[in-house]
Amino acid sequence: MMENAASSLAQIVLSKKTDQISKCIILCGKGNNGGDGYALARLLKNNLQTFLYKIEEPVTAEAIAQHRMCTKIGIPVLTKQQLLSELNSNEPKIIVDCIYGTGFRGELPQEIIQFFTIINTSTAAVKIACDIPSGLHKDGTAEPESFIAEYTVSMGEQKLAFYSDAGKTLCGKIIVADLGIASELFQSQLPPSACLIEKNDAQLPYRTNKAAHKGTYGHTAVFTGAKSGAAVIAATAAMNFGSGLTTLVETKDSNLSQFKISPELMISKTIPKKTTAIVLGPGIDNFTQQDFTAIREWINSNKKSGKSCGLVFDAGMFSQNDFVSQLFEYSKDENLNIVLTPHLLELSRFYSLLKTELQNKQINMGTDLNLPEEFTVTQLANQPDAKIQLGKILNDFFPNVTVVMKSANTFICDRGQTFIINDGTQNLAKGGSGDVLAGMIGSLLAQGYTNKNAAITACETHAIAANEYGESAFDLTPGKLISKL
């Protein structure tokens with residue numbers, strides 16, 4: 001398996017060789033991750049100028065054997081001063097991190113921090129991590145001075161740690177190496193923690209019915225609040241993602257008069273009768289009992305007619321005191337497809353409101369439920385297991401509800417399953433991006449999608465659209481994002 005791992009790693013390294021890049025430096029630890037590095041050096045010897053640096057002497061049997069072979073064939077080992085000289089040089093090179101694997105614990109030694117500080121700021125080096133970047137812990141947390149890879153060659157399978165916010169920063173492009181064992185065997189041993197969503201998983205709302213009319217594709221209603229611009233963005237996104245009709249519904253706090261509204265969007269004081277999905281939350285600070293009553297009447301009306309319909313709860317809804325109790329009622333309705341779209345701070349607050357509601361109703365909070373005291377934003381960002389755990393808790397309490405946890409990697413939790421969207425980019429870090437997503441999900445629900453499929457398709461398409469604009473772009477606005485749908 002070590003030979004297969006090294007062979008897969010060598011293919012990636014050699015693919016980065018150019019007329020300018022003809023040197024590779026491999027940093028080796030004492031364990032089997034270091035053993036992979038020594039095996040890699042043997043395979044590269046005749047194709048690249050290959051140098052080793054030993055962080056520590058090898059201690060595992062495999063690493064010792066691989067190190068011995070490298071010594072016999074004369075692969076040069078750098079001293080610390082030689083390594084520092086190489087790292088500080090502007091000569092193009094490939095640097096491979098084979099120091100620690102998934103068993104890394106504690107803090108990085110000062111010597112390694114010194115090396116990584118130089119490597120991470122180098123523009124002349126191609127940086128590749130073997131299995132997992134050194135400094136990234138198995139749970140997804142990371143040391144502040146961790147190795148920042150452009151490519152991570154994961155051995156045999158994906159690792160959940162890659163999909164923490166820290167992992168997003170450190171891993172770069174993730175490539176799964178073939179260890180000579182069929183992936184089906186890996187997957188059959190234990191059920192996966194999550195499923196990674198790819199572009200082909202998105203089921204776009206293409207129009208194939210030649211006899212269709214506007215009613216065929218549903219009617220999305222978006223409630224407007226004190227910051228009505230957010231609702232305008234969501235409604236515009238819904239319209240551009242296939243909604244047959246789209247209406248802005250005014251509440252008492254609405255300030256739509258401040259905006260130039262596209263004539264393509266309708267405006268109403270009440271929920272239109274033929275509405276098939278409602279988006280609630282963008283720009284809303286205060287949702288009244290009258291508003292909740294209107295939602296309940298709309299739900300009952302659809303129930304009488306036997307129609308399924310959708311609800312998207314976003315942003316301001318997660319700070320409404322009555323929201324949790326309302327959601328308990330909504331989630332019992334099998335005709336309702338419900339999607340929650342909180343970012344991590346909203347998610348943490350929502351969990352606190354849920355616990356308060358459970359206590360108010362005097363529901364057993366003891367060992368039977370075994371609920372954590374809290375989920376902090378830091379915990380949710382850096383520990384993928386925490387997102388999965390919270391997702392399952394919410395799925396248990398709220399049947400028929402899909403939870404979209406927005407972060408550097410978006411987690412979608414539905415009926416105990418978790419799906420990860422990792423195609424999103426940093427250019428989405430701007431007000432209004434989440435409103436676009438809420439509108440997209442609402443549009444798909446209006447068109448008859450299930451909540452799971454609506455969430456997956458909208459989140460992946462939202463991420464791909466941002467990618468097409470350029471991940472480092474600072475001028476991506478909600479309007480430009482919508483234009484890429």
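Residues numbered from 1 in each chain as written. Predicted model: local features only at pLDDT ≥ 70, side-chain atom pairs only at ≥ 80, totals over all residues. Heavy atoms only, no water.

**Some remarks on the overall build of the chain**
Inference 1: Of regular secondary structure, the chain possesses 16 helices and 16 strands.
Inference 2: The principal-axis extents of the C-alpha atoms in the chain amount to approximately 80 × 55 × 40 Å.
Inference 3: The 485 residues of the chain split such that 53% are buried.
Inference 4: If you take every contact in the chain between residues at least 6 apart in sequence, the share linking residues at least 24 apart comes to 72%.
Inference 5: Summing over all exposed atoms, the chain offers an accessible surface of approximately 21500 Å²; the carbon and sulfur share of this is 49%. (Helix = DSSP H or I, 4+ residues; strand = E, 2+ residues; numbered from the N terminus. Buried < 20%, exposed > 50% of the residue type's maximum accessible area, 1.4 Å probe, protein only. Contact = heavy atoms within 4.5 Å. Areas by Shrake-Rupley, 256 points an atom, 1.4 Å probe, with all protein chains shown as cover.)

**Comments concerning the packing of aromatic side chains**
Inference 1: This structure, assessed with the given rule, holds 15 aromatic pairs.
Inference 2: The ring of Tyr217 has Arg207 lying over it, and the distance from NZ or CZ to the ring centre is 3.8 Å.
Inference 3: A cation over a ring is seen here: Lys387 above Phe411, with NZ or CZ 4.7 Å from the ring centre. (Phe/Tyr/Trp six-rings, centres within 6.5 Å; stacked < 30°, edge-to-face > 60°. Lys NZ or Arg CZ within 6 Å of the ring centre and 35° of its normal.)

**Describing the pairing of strand β1 (residues 23-28)**
Inference 1: The buried fraction of β1 amounts to 6 of the 6 residues, a majority that puts the element mostly inside the structure.
Inference 2: Every second residue of β1 is oriented toward a common face, with Lys23, Ile25 and Leu27 on one face and Cys24, Ile26 and Cys28 on the other, all of them buried.
Inference 3: Relative to strand β2 (residues 49-54), β1 runs parallel, the two being bridged by 6 bridges. What sits directly across from Ile26, in β2, is Leu52.
Inference 4: You can see the chain leave β1, run along helix α2 (residues 32-44) and come back into β2, and the turn it takes is right-handed.
Inference 5: Summarising the sheet, β1 and strand β3 (residues 93-98) pair through 5 bridges and their orientation is parallel. (Pairing = 2+ DSSP bridges. Right-handed = clockwise from strand over helix to strand, strands pointing away.)

**Things to note about the sheet that holds β1**
Inference 1: Strand order in this open sheet of 6 strands is β2-β1-β3-β4-β5-β6, and the pairing throughout is parallel. The sheet is open, and its two borders are formed by β2 and β6 (173-177), each paired with just one other strand. Across the sheet, the mean angle separating the axes of adjacent strands is 20 degrees when strand polarity is ignored.
Inference 2: Contacts from helix α4 (residues 80-88) reach β1, β2 and β3, with the element oriented near 130 degrees to β1. (Axes fitted to C-alpha atoms, helices over the stretch in contact; angles between N-to-C directions.)

**Quick look at the state of the cysteines**
Inference 1: On inspection of all chains with the given rule, the structure shows 0 disulfides.
Inference 2: Unpaired in terms of disulfides, Cys24 finds its nearest cysteine sulfur in Cys98, a separation of 8.5 Å.
Inference 3: Since its relative accessible area comes to 0%, Cys24 is described here as buried. (Disulfide = S-S within 2.5 Å.)

**Side note on the packing of helix α1 (residues 2-15) against α2**
Inference 1: Direction vectors running N to C along α1 and α2 enclose 60 degrees, while the axes themselves pass 8 Å from each other. As summarised for this structure, α1 and α2 are arranged oblique, according to the angle between their axes. Of the two possible hands of crossing, α1 and α2 adopt the one that is right-handed. On the side of α1, the interface is formed by Met2, Glu3, Ala5, Ala6, Ser7, Leu9, Ala10, Val13 and Leu14, while α2 contributes Asn32, Gly35, Asp36, Ala39, Leu40, Arg42, Leu43 and Leu44. (Parallel < 35°, antiparallel > 145°, perpendicular 65-115°, else oblique. Left-handed = near helix turned anticlockwise from the far one by under 90°.)

**Quick look at the sheet that holds strand β8 (residues 219-224)**
Inference 1: Spatially, 10 strands are ordered β7-β16-β15-β14-β13-β12-β11-β8-β9-β10 in an open sheet, and the strand pairing comes out mixed. Looking along the sheet, the strands with just one partner apiece sit at the ends: β7 (195-196) and β10 (266-268).
Inference 2: Two elements, β8 and strand β11 (residues 277-280), share 3 bridges in a ladder whose sense is parallel. Bridging across to β11, Ala221 finds its partner in Ile278.
Inference 3: Lying over the sheet, helix α14 (residues 433-446) contacts β8, β11, β12 (309-314), β13 (336-341) and β14 (401-405), oriented at roughly 170 degrees with respect to β12.
Inference 4: Running over the sheet, helix α15 (residues 451-469) touches β13, β14, β15 (410-414) and β16 (417-421) and is turned about 15 degrees from β16.

**A few points about unusual backbone geometry**
Inference 1: The backbone phi angle of Ala315 is positive, close to 45 degrees, even though this residue is not glycine.
Inference 2: Topologically, Ala315 is positioned in the loop between β12 and α10 (323-330).
Inference 3: The phi torsion at Asn400 lies on the positive side, around 70 degrees, for a residue other than glycine.
Inference 4: Within the element layout of this structure, Asn400 appears in the loop between α13 (384-397) and β14.
Inference 5: Judged by its relative accessible area of 18%, Asn400 is buried.

Without other data, these values stay purely geometric and don't point to any function.
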